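Residue strings, one per chain:
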Amino acid sequence: MLRFLIRRTLGAAVILLIISALVFVLFYAAPRDPARIACGKVCTPETLALVKKNLGIDHPLPVQYWDWLKGLFVGRDYTSFGHCDAPCLGYSFQNREPVLNTILDRFPATISLALGSSAVFLVFGIGTGMLAAVKQGKTLDKVASSASLIASSMQIYVVGVFATYLFVDQLHWLDRANYTPFTSDPAGWAKGLLVPWLVLSLIFTANYTRMTRSQMVESLSEDYVRTARAKGLSRRTVFFRFAWRGAMGPIVTIFGLDLGTLLGGAIITEQTFSIQGLGRLSVKAVSTNDLPMLLGVVLVAAAAIVVFNIVVDAVYALIDPRVRLA
């Protein structure tokens, strides 16, 4: 198992390297020149050359990528910014601030959004799916299946606007979405993110309800579950010790991918509720041709997905003994 995880970690490093190289190349395929944007309306060739030198884009593309990659491990020297300590993701073309500092400043909002919504859709999605599997073919099962199908067809930007209008502006039941640091005001942190949590978890809850129901129905029909029943074990023991544990494998896999994606930046949710997280930061970086910021956000998002894939592999060994034996 340890060798497997080491191989996955090395493979993850290669994947991140490839992703960063692709983003670098695709950025330079864009028609807009970041140096000309930063130069302003009155831009002479001399000024343009100076701006490129200050931004660190006056060298050929392979040299620029190598300098950026080297900065991650040993730091980097800039003409106008001085030395950037490792891990150096460069300086933003727009605000001239270190990319790493900006990402670390925005990351808590994205983490809060991801973890809070994950807690909601795991509890309600898995719980509803388990109940639907137990009541297979009955009214509860039909209602849960129909509701999950409808919810999975909804869009966050539509539900978000409607929820804000109804529960915030009209009924005044909930507070308007905003991010308050947990360390400064835990209650304000929860109140400000409650609406985004509920809206973001709506679609995920529907998906996990359908997935949990299908996996539990399949697991309950397995031979080892029927054998456990024949031995006279209680219904609770059969359900949780055998059927539930056997059905969790695919759910853990999907949850690892979903959580990694959310930590990389829930773009639509952050845009809908004006939450200053990694999602909005990436949108702004694309619209302003801010290569260092875009690379930094993409690298963080890719790293989150890759890391949680590795964590899922480790969790599999805890859930399914066959993985440990293999």
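Residues numbered from 1 in each chain as written. Predicted model: local features only at pLDDT ≥ 70, side-chain atom pairs only at ≥ 80, totals over all residues. Heavy atoms only, no water.

A. Layout of the pattern of salt bridges. One pass over the structure, following the stated rule, counts 3 salt bridges. Arginine 176 is the partner of aspartate 169 in a salt bridge, and the nearest nitrogen-oxygen pair spans 2.2 Å. Residue aspartate 169 is classed as partly exposed on the basis of its relative accessible area of 32%. Exposure remark for arginine 176: the relative accessible area of 47% places this residue in the partly exposed category. A salt bridge links aspartate 223 to arginine 226, with the nearest nitrogen and oxygen atoms 2.3 Å apart. Of this pair, aspartate 223 and arginine 226 both sit in helix H9 (residues 223-230), 3 residues apart, which is roughly one turn of the helix. On the accessibility criterion, aspartate 223 (51% relative accessible area) is exposed. (Salt bridge = Lys/Arg side-chain N within 4 Å of Asp/Glu carboxyl O. Buried < 20%, exposed > 50% of the residue type's maximum accessible area, 1.4 Å probe, protein only. Helix = DSSP H or I, 4+ residues; strand = E, 2+ residues; numbered from the N terminus.)

B. Examining unusual backbone geometry more closely. Residue proline 87 is reached from alanine 86 by a cis peptide bond, and omega for that bond is -5°. The residue proline 87 is located in the loop between strand S2 (82-84) and helix H5 (99-134) in this model. Even without being a glycine, arginine 96 presents a positive backbone phi close to 60°. Along the chain, the position of arginine 96 falls in the loop between S2 and H5.

C. Local environment of the nonpolar core. Membership of the largest hydrophobic core comes to 42 residues, with the highest contact counts inside it found for Val199, Leu200, Met216 and Leu262. Listing elements by their share of this core, those giving two or more residues are H5, helix H7 (156-170), helix H8 (186-220), H9, helix H10 (235-264) and helix H13 (291-319). With 12 residues, H8 is the single largest residue contributor to this core. Ignoring any residue separated from it by four or fewer positions in sequence, one finds leucine 262 in contact with Thr110, Ala114, Ser117, Ser118, Phe121, Leu200 and Phe204. Of all hydrophobic cores here, the second largest spans 31 residues; its members include Leu48, Leu278, Leu291 and Met293. (Core = buried A, V, L, I, M, F, W, Y, C linked by side-chain atoms within 4.5 Å. Contact = heavy atoms within 4.5 Å.)

D. Examining the side chain of threonine 180 more closely. Inspection of the secondary structure puts threonine 180 in the loop between H7 and H8. One polar contact links threonine 180 to asparagine 178, side chain to side chain, over a distance of 3.2 Å. Apart from the residues within four sequence positions on either side, threonine 180 is in contact with Asp185, Gly188 and Trp189. (Polar contact = N/O pair within 3.5 Å; in protein donor to acceptor, adjacent residues only side chain to side chain.)

E. Structural context of the environment of tryptophan 197. Within the fold, tryptophan 197 resides in helix H8. Taking the C-alpha atoms as reference, tryptophan 197 lies 9.2 Å from threonine 269; in sequence the two are 72 residues apart. Ignoring any residue separated from it by four or fewer positions in sequence, one finds tryptophan 197 in contact with Ser112, Leu113, Gly116, Ser117, Trp189 and Ala190.

F. Structural view of a nonpolar patch on the surface. Residues Tyr157, Val158, Ile267, Ile268 and Val283 make up a contiguous nonpolar surface patch of roughly 430 Å² in combined accessible area. For the nonpolar patch, the elements supplying multiple residues, two or more each, are H7 and helix H11 (267-273). Looking at the element boundaries, isoleucine 267 is found in helix H11. (Patch = residues over 30% accessible without salt bridge, like charges linked within 9 Å, V, L, I, M, F, W, Y side chains within 5 Å. Areas by Shrake-Rupley, 256 points an atom, 1.4 Å probe, with all protein chains shown as cover.)

G. Here's a closer look at the packing of aromatic side chains. Scanning the entire structure with this criterion turns up 9 aromatic pairs. Residues phenylalanine 24 and tyrosine 65 carry aromatic rings whose centres are separated by 5.4 Å and whose planes lie at 75° to one another, so their mutual orientation is edge-to-face. With phenylalanine 24 in helix H1 (residues 2-28) and tyrosine 65 in helix H4 (residues 61-74), this residue pair connects regions lying 41 residues apart in the sequence. Neither residue differs from the other here; phenylalanine 24 and tyrosine 65 are each classed as buried. Measuring from ring centre to ring centre gives 5.1 Å for phenylalanine 239 and phenylalanine 240, while their planes differ by 75°; the resulting arrangement is edge-to-face. For phenylalanine 240, a relative accessible area of 40% gives the class partly exposed. Taken together through their ring pairs, the aromatic side chains of Phe121, Phe204, Tyr208 and Phe255 make up a single cluster. (Phe/Tyr/Trp six-rings, centres within 6.5 Å; stacked < 30°, edge-to-face > 60°.)

H. Expanded view of H10. Between its first and last C-alpha atoms H10 spans 41 Å; for 30 residues at 1.5 Å apiece the expected length is 44 Å, and the two agree. A bend of about 40° at tryptophan 244 is the largest found in H10. With its phi angle positive at about 130°, glycine 265 sits one or two positions after the end of H10. (Expected span 1.5 Å × (residues − 1). Bend = angle between axes of the 7 residues up to and from the residue.)

I. Spatial organisation of the environment of lysine 53. Topologically, lysine 53 is positioned in helix H3 (residues 45-55). The exposure class assigned to lysine 53 is partly exposed, which follows from its relative accessible area of 44%.

Geometric descriptors of this kind do not, in isolation, establish any biological role.
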